[in-house]
Amino acid sequence: MQQPKNLNRLLRALSRQGLDVSYSNKVYSISLNSSLKEHWQDASAPTAEVLLPEDFPVEAKALKQLANLANVRHPQGGCVCRACATPDFHPGDAGVAIGSIVETAGMVIPAATGSDINCGMRLHVADLSIEQFLSQSILDFRF
């Protein structure tokens, strides 16, 4: 499997910025290293993941925002269960990477929605098999 060019150099640079990052099967796994974790964050925080095509430019700021999102905890017990990102993810202005996907328990994180809703990714649910979908023109479907 081909890995991004200069991957080792990139991983070292990200480590200096406080991120533990690994890359395997086109998936980046990101977490804050212990030097960046605050007193309210613990080791049980999930590792954030993002599937990126080979040679996709990786932005350290977006990775750090995704790792921070995975570490969100509420004093009353709410937490992030899982944090991922869509392949079009990039740094966000509100501190949450655009394209972040977050599953929480016991809390809602309004900033995770952001203002770039549907800026590049779409999901349409249709009750069709792949064969039905491929046999008809997309214009024939009524969503």
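### Observations concerning helix 2 (residues 60-70)
Then, number 1: In terms of residue burial, helix 2 counts as a mostly covered element, since eight of its 11 residues are buried.
Then, number 2: Listing the buried residues of helix 2 in full gives Ala-60, Ala-62, Leu-63, Gln-65, Leu-66, Ala-67, Leu-69 and Ala-70.
Then, number 3: Considering only its buried residues, helix 2 is in contact with helix 1 (7-16), strand 1 (19-24), strand 2 (27-32), strand 3 (48-51), strand 4 (79-90) and strand 5 (98-105).

### A look at the side chain of Ser-100
Then, number 1: Tracing the backbone shows Ser-100 in strand 5.
Then, number 2: Reaching out from Ser-100, the side chain makes a polar contact with the backbone oxygen of Ala-97 at a distance of 2.6 Å.
Then, number 3: Leave out the neighbours within four places in its chain, and Ser-100 touches Leu-66, Leu-69, Cys-84 and Ala-85.

### So, unusual backbone geometry
Then, number 1: The backbone of Asn-25 shows a phi angle near 50 degrees, a positive value even though the residue is not glycine.
Then, number 2: Considering the arrangement of structural elements, one finds Asn-25 in the loop between strand 1 and strand 2.
Then, number 3: Judged by relative accessible area, Asn-25 falls into the exposed class, the value being 55%.
Then, number 4: A positive phi angle is found at Lys-26, which is not glycine, with a value near 70 degrees.
Then, number 5: Here Lys-26 lies in the loop between strand 1 and strand 2.

Definitions and limits used
- Residue numbers here run from 1 along each chain, matching the order of that chain's written sequence.
- For a predicted model such as this one, the threshold for reporting local features is a pLDDT of at least 70, and the threshold for listing and counting side-chain atom pairs is 80 or more; totals across whole chains, interfaces and linings nevertheless cover every residue.
- Only hydrogens and water are set aside; all other atoms, that is, all heavy atoms of the structure, feed into the side-chain values.
- Type-normalised accessible area, obtained with a 1.4 Å probe on protein chains alone, sets the label of each residue: buried when under 20%, exposed when over 50%, and partly exposed for intermediate values.
- Helix and strand definitions follow DSSP, with helices as H or I runs of at least four residues and strands as E runs of at least two, each counted in order from the N terminus.
- In what follows, residue pairs with any heavy atoms lying within 4.5 Å of each other are defined as contacts.
- Between N or O atoms, a polar contact is any pair within 3.5 Å; within protein, one atom must be a potential hydrogen donor and the other a potential acceptor, and residues adjacent in sequence are included only when both atoms are from side chains.

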